[in-house]
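What follows is each chain in one-letter form.
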Amino acid sequence: MELKIRNLRKDYGNFPALNGVNLDIRSGELIALLGPSGSGKTTLLRAIAGLESPDGGQIFFGDNDASRQSVQHRHVGFVFQHYALFRHMKVLDNIAFGMRHGQGPKQSEAVIRKRVLELLDLVQLNGLEGRYPAQLSGGQRQRVALARALAIEPKVLLLDEPFGALDAQVRKGLRRWLRQIHEETGHTTVFVTHDQEEAMELSDRVAVLHKGDLQQVGTPDEIYDSP
Ligand code: ADP
Ligand code: ADP
C-alpha cells in the first residue's frame, strides 16, 4: 500500500509537533523515520495509524483519504517500543488476538492455529506457542509482537522504536532479522528510530525529521556522505 502525506500538521500547544510534513511512502518499501527525541516521529507514526488526529493536512492510503477511515479500516499493524503483549495470554493467543477479535472474516480455530504456527516459524520462535510473555526474553517478546502485527495481514506495518528497550547486541541481531523478514513478506513498513546506524542498516530510505520539519528524504547513500 502506498501512502501519501500532505502538509500534515499537529500542534500541541506552543510549537508544532508536525509542521506541514509532505512524504510519499512507496508500496513495499521499508522507510525509517529518523530524528532526535521530540522531532515528531511518533506523532507522525500515530497519525498514520489513526491514533492521533492531525490539525491540518491529509494522509492517503493509496487513493483513499484516511480522514474518512477509522483505525480499524486502515488495517495497520503496530509494534510499540514496550512490547504491549497481553501478559495473561500465551504466545499463541497473543498472536491470534487480531484474527479472533479484529477485522476480516471469522476463521476457525484450526485455521488460526495453523497461521500462528506459520508466523512463529517466520519469526523463528518455533515451539514457544505455549509460553507466557514473562517466560520470554525481551528480543523474543518483540518477535512475538511483530508476529501479532503481521497476523492481521496489514496494509502497512508501523514500528515505533521496536528495539529501543533492548541491549545493543540483541538489537543488532534483530535489525538483520527484521530486514530479512521484510524481504520475505514485502510489507510497506515505517520504522521509527533515533539511531542513525539502525536507520542506515535497515531501511530502503530514510526520512529525517527535526522539530516537526522533514529535512531530507533519500536512500542511506544519498543521505550520508561516506568516506
Ligand atoms: P519523537 O517521537 O520524535 O520523540 P514526538 O512525536 O513524540 O517526538 O513528539 C513531538 C513533540 O510533540 C514533542 O515536543 C513532544 O513533547 C510533543 N508531544 C507529543 N505528544 C504530546 C502530547 N500528547 N501532549 C503534548 N505534547 C506532546
Ligand atoms: P473519530 O470521531 O472517530 O475520532 P474522525 O472522523 O475524527 O473520527 O477521524 C477518523 C480517524 O481519522 C481518526 O482516527 C482520526 O485520528 C483520523 N483523522 C482525522 N483527521 C485526519 C486527517 N486530516 N488526516 C489523517 N487522519 C485523520
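Residues numbered from 1 in each chain as written. Chains lettered and ligands numbered in written order. Predicted model: local features only at pLDDT ≥ 70, side-chain atom pairs only at ≥ 80, totals over all residues. Heavy atoms only, no water.

Chemist: How should the site of ligand 1 be read in this particular structure?
Modeler: Neighbouring ligand 1 are Tyr12, Phe15, Ala17, Pro36, Ser37, Gly38, Ser39, Gly40, Lys41, Thr42 and Thr43. Between ligand 1 and Lys41, the relevant distance is 2.8 Å, taken from an oxygen atom to a side-chain nitrogen or oxygen of the residue. In the model, an oxygen atom of ligand 1 is placed 2.5 Å from a nitrogen or oxygen of the Thr43 side chain. If ligand 1 stood free it would expose 560 Å²; the protein chains cover 59% of that surface. Contributions of two or more residues to the shell around ligand 1 are made by β2 (15-25) and α1 (41-49). Considered class by class, the residues forming the shell around ligand 1 number 4 nonpolar, 6 polar and 1 charged. (Near = heavy atom within 4 Å. Polar contact = N/O pair within 3.5 Å; in protein donor to acceptor, adjacent residues only side chain to side chain. Areas by Shrake-Rupley, 256 points an atom, 1.4 Å probe, with all protein chains shown as cover. Helix = DSSP H or I, 4+ residues; strand = E, 2+ residues; numbered from the N terminus. Nonpolar A, V, L, I, M, F, W, Y, C, P; charged D, E, K, R; others polar.)

Chemist: What exactly am I supposed to notice about helix α4 (residues 109-122) here?
Modeler: Every α-helical turn comprises 3.6 residues, leaving residues that sit three or four positions apart pointing alike. Look at α4: 20 Å from first C-alpha to last across 14 residues, which is about the 20 Å you get at 1.5 Å a residue. Along α4, the positions that sit buried rather than exposed are Ile112, Val116, Leu119, Leu120 and Leu122. Buried residues of α4, viewed axially, fall in a sector of 150 degrees; they line one side. Opposite the buried face of α4, at more than 90 degrees from it, the exposed residues are Ala110 and Lys114. One or two residues past the end of α4 sits Gln124, with phi positive at roughly 60 degrees. (Expected span 1.5 Å × (residues − 1). Buried < 20%, exposed > 50% of the residue type's maximum accessible area, 1.4 Å probe, protein only. Arc of directions from axis to C-beta.)

Chemist: Where do I start with helix α6 (residues 168-185) in this structure?
Modeler: In this model α6 runs 25 Å from its N-terminal to its C-terminal C-alpha over 18 residues, within 8% of the 26 Å that 1.5 Å per residue would give. Taken together, the buried positions of α6 are occupied by Leu174, Arg175, Trp177, Leu178, Arg179, Ile181 and His182. Elements that come into contact with the buried residues of α6 comprise β3 (30-34), α4, α5 (138-151), β7 (156-160), β8 (188-193) and α7 (196-202). A positive backbone phi angle near 70 degrees is found at Gly186, which sits one or two residues after α6. (Contact = heavy atoms within 4.5 Å.)

Chemist: Quick question: what am I supposed to make of the packing of α4 against α5 here?
Modeler: Helices that pack against each other are described as a pair by the angle of their axes relative to one another and the distance between those axes. Following both chains from N to C, one finds α4 and α5 inclined at 130 degrees, their axes separated by 10 Å at the closest point. When the axes of α4 and α5 are compared, the pair comes out oblique. Read as a crossing pair, α4 and α5 show a hand that is right-handed. Contacts from Arg115, Leu119 and Leu122 in α4 reach Ala147, Leu150 and Ala151 in α5. Looking at the contact of α4 with α5, its residues break down into 5 nonpolar, no polar and 1 charged. (Axes fitted to C-alpha atoms, helices over the stretch in contact; angles between N-to-C directions. Parallel < 35°, antiparallel > 145°, perpendicular 65-115°, else oblique. Left-handed = near helix turned anticlockwise from the far one by under 90°.)

Chemist: Looking at this structure, I do not really get the sheet that holds β7. What am I missing?
Modeler: Read across the sheet, 6 strands follow the order β6-β7-β8-β3-β9-β10 without closing on themselves; strand pairing throughout is mixed. At either margin of the open sheet sits one strand with a lone partner, and together these are β6 (76-79) and β10 (213-218). In this sheet, adjacent strand axes meet at a mean angle of 15 degrees when their direction is disregarded. Direction of pairing for β3 relative to β8: parallel, over a ladder of 5 bridges. Bridge pairing in β8 places Leu34 opposite Thr193. (Pairing = 2+ DSSP bridges.)

Chemist: How should the site of ligand 2 be read in this particular structure?
Modeler: Within the structure, ligand 2 sits among Gly50, Glu52, Ser53, Pro54, Gly57, Ile59, Ala66, Ser67, Gln69 and Arg74. One of the side-chain N or O atoms of Ser53 is found 2.9 Å from an oxygen atom in ligand 2. Contact between ligand 2 and Gly57: a nitrogen atom at 3.0 Å from a main-chain N or O atom of the residue. Here ligand 2 has 550 Å² of accessible area as a free molecule, and 57% of this is covered by the chains. Classifying every residue of the shell around ligand 2 by side-chain character gives 3 nonpolar, 5 polar and 2 charged.

Shape is all these values report; function is a separate question.
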